[in-house]
Structures are given as C-alpha cells and as structure tokens.
Amino acid sequence: MKLCIVAVGHRMPAWVQAGFDEFARRMPRELPLQLVEVKAEPRTSGKTVDAMMAAEATRIEAVLPARCRRVILDERGADLSTLALAQRLETWQGEGQDVALIIGGPDGLSPALKASAHEAIRLSSLTLPHALVRPLLAEALYRAWTVLRNHPYHRE
C-alpha cells in the first residue's frame, strides 16, 4: 500500500518540503509516503471560484492512483485523535488499496471531488496556513504508523 498526498499548489517555501521530506523518509518501505503537487488555477484569470475549483479537480483526478481510497482534508471532516488515525491507517492497510489524501487549493475542493471521496478528515479546528498542512499531515501519518508498531515516538 502507498500513501499519496495530492496537494494543490507548488513552489512552497523550502521549509515545507524539508518538513515533508523528513517524515516521508521515516516511513517504512512497505508504506511509502509520496507528495504530488497539482498546479493551482491562477486567481487572476477572471474565472469564478467554482470554475477554478473544477479546473483544479480535473488536475487532481489526473494524478490520483487507480482505484485508490480517496480521503479529503476538509474543515468539516472527522476530527481524529492520533490513536483514531492509527486505527484508520490499519484499516486502510487491511483493505490493500493505495490511499490518496487530497489537499485543496485556496478555495478548497470542488463539490464533485468532495462527493467522490470515501471519507473526509481534518487536521485541526484551528485555521492553519495552507503550506503547513503538508508537513503536519506527513508527521501525523508517521506518528500513526509508530503507534501501530509500538514505537516509542508517540507517548500517551
């Protein structure tokens, strides 16, 4: 099984990539974590927000692994603890499908893409800078994996 974070936006600050890379590097070979960046629709094009989200959704669809479990990150998604995320990770592994965790652009994800998701989760009730989501999600996935392996990284 592979974990794939699909995120709208590119040319993030160096610390974003460094943070993501640190936790992706720690993931085991049997559960690799990959980041796929999708170009954001220019906000100066004069298109409506719905049209911009639809264009981004088309780009996201084009890079999703075949027959993957779609998990969107959304402020209205399930609020998971670390232990609950570890349980989800274990369930996903048992299903054997690749998992795509999808992060939208500045305006979020299109309603059609949200409707196609198997589930929605959120990282926090706080409003976070968009760039911070990538390394934060990578760390949360690594931490969840360590819980499943009784690794001392996570402490209750």
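Here, the structure is the one placed above.
Residues numbered from 1 in each chain as written. Predicted model: local features only at pLDDT ≥ 70, side-chain atom pairs only at ≥ 80, totals over all residues. Heavy atoms only, no water.

Caption draft 1: Fine view of the pattern of salt bridges. Using the criterion set out here, one finds 16 salt bridges in the structure. Put simply, arginine 134 and glutamate 37 hold a salt bridge, and the shortest N to O gap is 2.6 Å. Of this pair, arginine 134 sits in helix α5 (residues 133-148) while glutamate 37 sits in strand β2 (residues 33-38), placing them 97 residues apart in sequence. Judged by relative accessible area, which is 2%, arginine 134 ranks as buried. Using a relative accessible area of 34% as the deciding quantity, one classes glutamate 37 as partly exposed. (Salt bridge = Lys/Arg side-chain N within 4 Å of Asp/Glu carboxyl O. Helix = DSSP H or I, 4+ residues; strand = E, 2+ residues; numbered from the N terminus. Buried < 20%, exposed > 50% of the residue type's maximum accessible area, 1.4 Å probe, protein only.)

Caption draft 2: Looking closely at the packing of helix α1 (residues 14-26) against α5. The geometry of α1 relative to α5 is characterised by a closest axis approach of 8 Å and an angle of 15 degrees between their N-to-C directions. With respect to their mutual orientation, α1 and α5 come out roughly parallel. The element α1 and its partner α5 pack so that their crossing is left-handed. Across the interface between the two elements, Trp15, Val16, Gly19, Phe20, Phe23 and Arg26 from α1 touch Arg134, Pro135, Ala138, Glu139 and Tyr142 from α5. By residue class, the composition of the contact of α1 with α5 is seven nonpolar, one polar and three charged. (Axes fitted to C-alpha atoms, helices over the stretch in contact; angles between N-to-C directions. Parallel < 35°, antiparallel > 145°, perpendicular 65-115°, else oblique. Left-handed = near helix turned anticlockwise from the far one by under 90°. Contact = heavy atoms within 4.5 Å. Nonpolar A, V, L, I, M, F, W, Y, C, P; charged D, E, K, R; others polar.)

Caption draft 3: Representation of the nonpolar core within the structure. Counting 28 residues, the largest nonpolar core has Leu3, Ile5, Leu33, Trp92, Leu101 and Leu141 as the members making the most contacts within it. Top element by residues in this core is α5. It accounts for eight residues. Discounting chain neighbours no more than four positions away, the residues touching leucine 141 are Leu3, Ile5, Met27, Leu33, Leu85, Leu89 and Leu101. (Core = buried A, V, L, I, M, F, W, Y, C linked by side-chain atoms within 4.5 Å.)

Caption draft 4: Quick peek at the layout of surface pockets. Quantified by volume, the largest pocket comes out at close to 610 Å³. Breaking the lining of the largest pocket down by element, the ones donating at least two residues are β3 (69-79) and β5 (119-122). Examining the composition of the lining of the largest pocket, we find that four residues originate from one element, β3, more than from any other. Within the lining of the largest pocket, the residues separate by chemical class into 10 nonpolar, seven polar and six charged. Approximately 180 Å³ is the volume attributed to the second largest pocket. Along its surface, the second largest pocket is lined by Leu80, Ser81, Thr82, Leu85, Ile121, Arg122, Leu123, Leu136, Glu139, Ala140 and Arg143. Going through the elements one at a time, α3 (82-95), β5 and α5 are the ones with two or more residues in the lining of the second largest pocket. (1 Å grid on protein atoms, 1.4 Å probe; cavity = no way out; pocket = protein on both sides within 12 Å on 5 of 7 lines; lining within 4 Å. Points joined across faces, edges and corners; volume = space filled by probe spheres on them.)

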